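Each chain, letter by letter, is given below.
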Amino acid sequence: MKESFKVCFCCVRSFKVKTSEPPEEIKKLFDDYSGDGRMSADEMLRFVIEVQGEKHADTNYVKDIFHRLKHHGVFHPRGIHLEGFYRYLLSDFNSPLPLSGEVWQDMNQPLSHYFLYTGHNSYLTGNQLNSRSSTEPIVKALRSGVRVIELDLWPNSSGTEAEVRHGGTLTSTEDLQKCLNAVKENAFVVSEYPVVLTLEDHLPPDLQKKVAKMVSKTFGGTLFRCTTDEHTECFPSPEALKNKILISTKPPKEYLQTQVSLGSTTDESVKAKKVKEAEELIQDEDEETVAIEYRDLISIHAGNRKGGMKNCLNGDPNRVIRLSMSEQWLETLAKTRGPDLVKFTQRNILRIFPKTARIDSSNYDPLVGWIHGAQMVAFNMQSHGRFLWMMQGMFKANGGCGYVKKPDVLLSNGPGGETFDPSSKNLQIKTVLKIKIYNGEGWNMDFSQDHFDRYSPPDFYARARIPLDTTSHKTETDTDEWFPVWDKEFEFPLRVPELALLYIIVKDYDSNTQNDFAGQICLPLSEIRPGIRAVRLHDRAGEVYKHARLLVRFVLEPR
């Protein structure tokens with residue numbers, strides 16, 4: 001079979017089209033585990049247990065595999081031939097991640113013991129400067145498993161109502177009630193674990209009162225409320241908060257203090273006087289006023305960064321809070337106070353947000369936050385790129401419920417009471433990940449003939465890396481092939497395997513222009529099943545391709 005590409009009206013280039021064939025190693029494995037060119041159910045069970053590492057597999061598991069292969073027309077009652085075995089290896093049933101999609105981690109620990117799938121400016125459809133505000137990205141985020149939604153609240157032009165918009169920019173506004181309804185209707189479609197609604201409010205007390213009533217009426221019994229002095233020393237668990245919506249913002253006192261600190265005066269005595277006046281104003285209000293109503297909504301209190309970088313991580317032994325800081329603050333503190341960040345996040349919640357210079361809604365490296373224990377690494381979900389793919393990869397873990405338990409190294413101290421230091425040069429190699437990328441297929445069905453190259457089939461190569469490591473590995477380029485064969489093996493020594501992500505990207509090589517994107521995948525190492533697996537590729541937005549996939553072998557060797 002040939003494939004032709006028209007170069008001009010009188011010239012046509014023809015290429016012989018190969019089909020997807022089992023690599024030599026796969027053929028040898030089939031021969032080793034089969035007899036007379038056919039693999040029986042018992043032989044398949046032995047392969048699944050010994051090579052795929054599925055120790056709990058039984059005859060029913062194998063029967064399920066054989067049943068699925070009937071739809072490919074490669075099944076025989078007495079067993080499967082090589083082509084059927086190869087189709088099984090490339091099938092969705094042979095995913096590198098658990099098929100059940102079940103939540104398997106302990107969900108009874110405090111919220112501060114988990115990473116939360118967190119959005120930033122969740123209402124924006126595009127850039128941070130002049131894009132449209134809408135409920136659409138809120139709905140999409142929640143239906144993708146995001147558990148933390150952020151709304152910026154500002155007074156409208158007349159000062160009579162609160163509206164959602166990105167203040168100080170040309171972005172459009174969205175109706176607050178519509179945003180609250182979007183949260184209510186979509187919060188628990190894909191996950192029953194709690195949704196945190198962070199309100200970055202810039203409202204005067206009278207509008208805070210209106211918002212409090214609106215939130216209470218909209219969410220009703222799903223709104224989690226803390227009773228007096230409840231959960232002040234420890235956050236409740238995700239399990240205890242199932243199907244609940246939590247409000248996180250600054251209490252009125254902290255709000256007024258923030259407004260004072262953002263004022264134009266640089267005179268500290270004047271600021272102190274204004275803060276005192278603000279506190280007295282709150283104390284003078286009776287229980288029917290905004291301070292009481294608004295305060296009672298808040299179940300995760302957002303604190304101020306009092307004392308700047310020097311003292312912001314001191315914490316309060318009698319009270320847990322959520323602290324927010326920019327990616328720049330985090331990077332600065334990580335260089336000199338890494339263990340302090342880890343210690344702070346053992347009890348408190350740390351939220352990281354993108355620097356203001358990211359007007360294009362780009363993102364930053366989330367692992368800097370995660371390895372220091374930051375639970376809420378806030379991302380612009382409307383963006384694309386490697387860092388967002390890492391975020392999506394991390395939260396494929398634990399059944400995609402939006403909560404991933406932090407590893408013990410971030411939650412407990414060492415034998416001498418020392419806290420984990422992410423920047424330590426003495427971290428030992430715990431595990432070695434070995435991967436072998438055999439081949440790939442499916443691009444010819446997901447893309448048009450001339451999508452990659454106008455005059456020839458694509459020239460695919462794959463690159464693999466562990467983002468915590470600076471090393472990346474690349475296959476050779478398989479020229480003019482829709483079904484590339486690489487048979488390339490790589491090793492990754494891992495010092496913090498609990499937080500490792502495996503990132504693979506496939507591109508079409510072009511000598512004169514930028515290489516074309518052909519798919520990507522990011523997998524949490526903690527979830528990867530060993531053995532030979534079918535790795536489905538995703539597009540730039542993180543949506544899975546229907547056919548494009550790689551055949552990859554995974555081996556984990558503890559040290």
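Rules behind the numbers
Residues numbered from 1 in each chain as written. Predicted model: local features only at pLDDT ≥ 70, side-chain atom pairs only at ≥ 80, totals over all residues. Heavy atoms only, no water. UniProt positions renumbered as here; feature names shortened; annotations may be inferred. Helix = DSSP H or I, 4+ residues; strand = E, 2+ residues; numbered from the N terminus. Buried < 20%, exposed > 50% of the residue type's maximum accessible area, 1.4 Å probe, protein only. Contact = heavy atoms within 4.5 Å. Areas by Shrake-Rupley, 256 points an atom, 1.4 Å probe, with all protein chains shown as cover. Lys, Arg positive; Asp, Glu negative; His and termini not counted. Salt bridge = Lys/Arg side-chain N within 4 Å of Asp/Glu carboxyl O. Polar contact = N/O pair within 3.5 Å; in protein donor to acceptor, adjacent residues only side chain to side chain. Phe/Tyr/Trp six-rings, centres within 6.5 Å; stacked < 30°, edge-to-face > 60°. Lys NZ or Arg CZ within 6 Å of the ring centre and 35° of its normal. Pairing = 2+ DSSP bridges. 1 Å grid on protein atoms, 1.4 Å probe; cavity = no way out; pocket = protein on both sides within 12 Å on 5 of 7 lines; lining within 4 Å. Points joined across faces, edges and corners; volume = space filled by probe spheres on them. Nonpolar A, V, L, I, M, F, W, Y, C, P; charged D, E, K, R; others polar. Core = buried A, V, L, I, M, F, W, Y, C linked by side-chain atoms within 4.5 Å. Axes fitted to C-alpha atoms, helices over the stretch in contact; angles between N-to-C directions. Parallel < 35°, antiparallel > 145°, perpendicular 65-115°, else oblique.

- The protein chain goes by Phosphoinositide phospholipase C in an unreviewed UniProt entry, where it is assigned to Brassica campestris.
- Recorded under Catalytic activity (unreviewed entry), the UniProt text for the protein chain is reproduced unchanged: "a 1,2-diacyl-sn-glycero-3-phospho-(1D-myo-inositol-4,5-bisphosphate) + H2O = 1D-myo-inositol 1,4,5-trisphosphate + a 1,2-diacyl-sn-glycerol + H(+)".
- Annotation of the protein chain in UniProt includes, under Subcellular location (unreviewed entry), the sentence "Cell membrane".

1. Considering the overall build of the protein chain
Next, step 1: Looking only at helices and strands, the protein chain features 17 helices and 23 strands.
Next, step 2: Counting only residues that meet the buried cut, the protein chain has 52% of its 559 residues in that class.
Next, step 3: Residue pairs in contact within the protein chain that sit at least 24 positions apart in sequence constitute 70% of those at least 6 positions apart.
Next, step 4: For the protein chain, the accessible surface area stands at approximately 25700 Å², while carbon and sulfur atoms represent 48% of it.

2. Observations regarding the side chain of Arg147
Next, step 1: When you line up the elements, Arg147 lands in the loop between helix 5 (136-143) and strand 6 (148-155).
Next, step 2: Glu192 provides the closest opposite charge to the buried, salt-bridge-free Arg147, at an N-O distance of 9.5 Å.
Next, step 3: At 2.7 Å, the side chain of Arg147 and the backbone oxygen of Ala187 are in polar contact.
Next, step 4: Beyond its immediate stretch of four places on either side in the chain, Arg147 contacts Tyr117, Leu142, Ala187, Phe188, Ser191, Tyr193, Pro194, Val195, Val196, Cys401, Gly402 and Tyr403.

3. Comments concerning the packing of aromatic side chains
Next, step 1: Going through the model one piece at a time under the given rule, you end up with 18 aromatic pairs.
Next, step 2: Between Trp443 and Phe460, the ring centres sit 4.4 Å apart and the planes meet at 35°, which makes this aromatic pair tilted. Linking Trp443 in helix 17 (residues 443-446) with Phe460 in strand 17 (residues 460-465), this pair joins segments that are 17 residues apart in sequence. Of the two residues, Trp443 and Phe460, neither departs from the other in class, the shared state being buried.
Next, step 3: Taking the centre distance of 4.9 Å and the plane angle of 55° together, the rings of Phe447 and Phe452 count as tilted.
Next, step 4: Among the aromatic residues, ring-to-ring pairing joins Trp443, Phe447, Phe452, Phe460, Trp482 and Tyr545 into one connected group.
Next, step 5: The positively charged end of Lys474 is found above the aromatic ring belonging to Tyr461, 4.6 Å away from the centroid.

4. Describing the pattern of salt bridges
Next, step 1: If you walk through the whole model with that rule in mind, you get 26 salt bridges.
Next, step 2: The shortest N-O distance in the salt bridge between Arg533 and Glu54 comes to 2.9 Å. With a gap of 479 residues between them, Arg533 in strand 22 (residues 531-538) and Glu54 in the loop between helix 2 (41-50) and helix 3 (59-69) connect regions that are remote in the sequence. Exposure class is identical for Arg533 and Glu54. Each is buried.
Next, step 3: For the salt bridge of Lys434 with Glu557, the shortest nitrogen-to-oxygen distance reads 3.2 Å. In this pair, Lys434 is assigned in strand 16 (residues 431-441) and Glu557 in strand 23 (residues 544-558), connecting sequence segments 123 residues apart.
Next, step 4: The exposure class of Glu557 is partly exposed, given its relative accessible area of 29%.

5. Topic: the pairing of strand 20 (residues 501-508)
Next, step 1: Burial within strand 20 is extensive, with seven of its eight residues counted as buried.
Next, step 2: Across seven bridges, strand 20 lies against strand 21 (residues 516-524) in antiparallel orientation. When the bridges of strand 21 are listed, Ile505 appears paired with Gln520.

6. Describing unusual backbone geometry
Next, step 1: In this structure, Asp36 is a non-glycine residue whose phi angle is positive, near 60°.
Next, step 2: Relative to the elements of secondary structure, Asp36 occurs in the loop between helix 1 (24-32) and helix 2.
Next, step 3: Backbone geometry places Asn398, a non-glycine residue, at a positive phi of 55°.
Next, step 4: As for its placement among the helices and strands, Asn398 is situated in the loop between helix 15 (386-394) and strand 15 (403-405).

7. Side note on empty space enclosed by the protein
Next, step 1: Counted by the stated rule, this structure contains two cavities of 30 Å³ or more.
Next, step 2: Considered as a void within the structure, the second largest cavity measures approximately 50 Å³ in volume.
Next, step 3: Taken together, Glu3, Phe15, Lys16, Val17, Lys18, Pro457, Asp480, Glu481 and Trp482 make up the lining of the second largest cavity.
Next, step 4: Among the residues making up the lining of the second largest cavity, the classes are represented as four nonpolar, no polar and five charged.

8. Thoughts on the sheet that holds strand 8 (residues 174-175)
In a beta sheet, neighbouring strands pair by backbone hydrogen bonds and run either parallel or antiparallel.
Next, step 1: Within the open sheet, the six strands sit side by side as 8-7-6-9-10-11. Their pairing is mixed. A strand with exactly one partner marks an edge of an open sheet, and here the two such strands are strand 8 and strand 11 (298-301).
Next, step 2: Where strand 6 meets strand 7 (residues 162-164), three bridges bridge the pair, whose relative direction is antiparallel. When the sheet's bridge partners are listed, Trp154 is paired in strand 7 with Glu163.

9. Focus on helix 4 (residues 82-89)
Next, step 1: With six of eight residues buried, helix 4 lies mostly within the body of the structure.
Next, step 2: Turning to helix 4, its buried residues are Gly84, Phe85, Tyr86, Arg87, Tyr88 and Leu89.

10. Observations concerning the nonpolar core
Next, step 1: Core analysis: the largest hydrophobic core is formed by 104 residues, its most contacted members being Leu151, Ile435 and Trp443.
Next, step 2: Looking at this core, the element that brings in the most residues is strand 20, giving six residues.
Next, step 3: Among residues more than four places away in sequence, those in contact with Ile435 are Ala464, Lys488, Glu489, Phe490, Phe492, Leu502, Val552, Arg553 and Phe554.
Next, step 4: Among the nonpolar cores identified, the runner-up in size contains 26 residues, and Val62, Tyr88, Ile532 and Leu551 belong to it.

11. Some words on the packing of helix 2 against helix 3
Next, step 1: Direction vectors running N to C along helix 2 and helix 3 enclose 105°, while the axes themselves pass 9 Å from each other. For the element pair helix 2 / helix 3, the angle class is roughly perpendicular. Between helix 2, through Ala41, Met44, Leu45 and Val48, and helix 3, the contact on the second element is made entirely by Thr59, Tyr61, Val62, Ile65 and Phe66.
Next, step 2: Taken together, the residues that form the contact of helix 2 with helix 3 break down as eight nonpolar, one polar and no charged.

12. Focus: the environment of Asn380
Next, step 1: Along the polypeptide, Asn380 turns up in the loop between strand 14 (376-377) and helix 15.
Next, step 2: Taking C-alpha positions, Asn380 is 9.9 Å from Tyr123, a pair spaced 257 residues apart along the chain.
Next, step 3: In this view, Asn380 contacts His120, Gln128, Pro354, Ser361, Ser362, Asn363 and Leu388; residues no more than four positions away in its chain are not counted.

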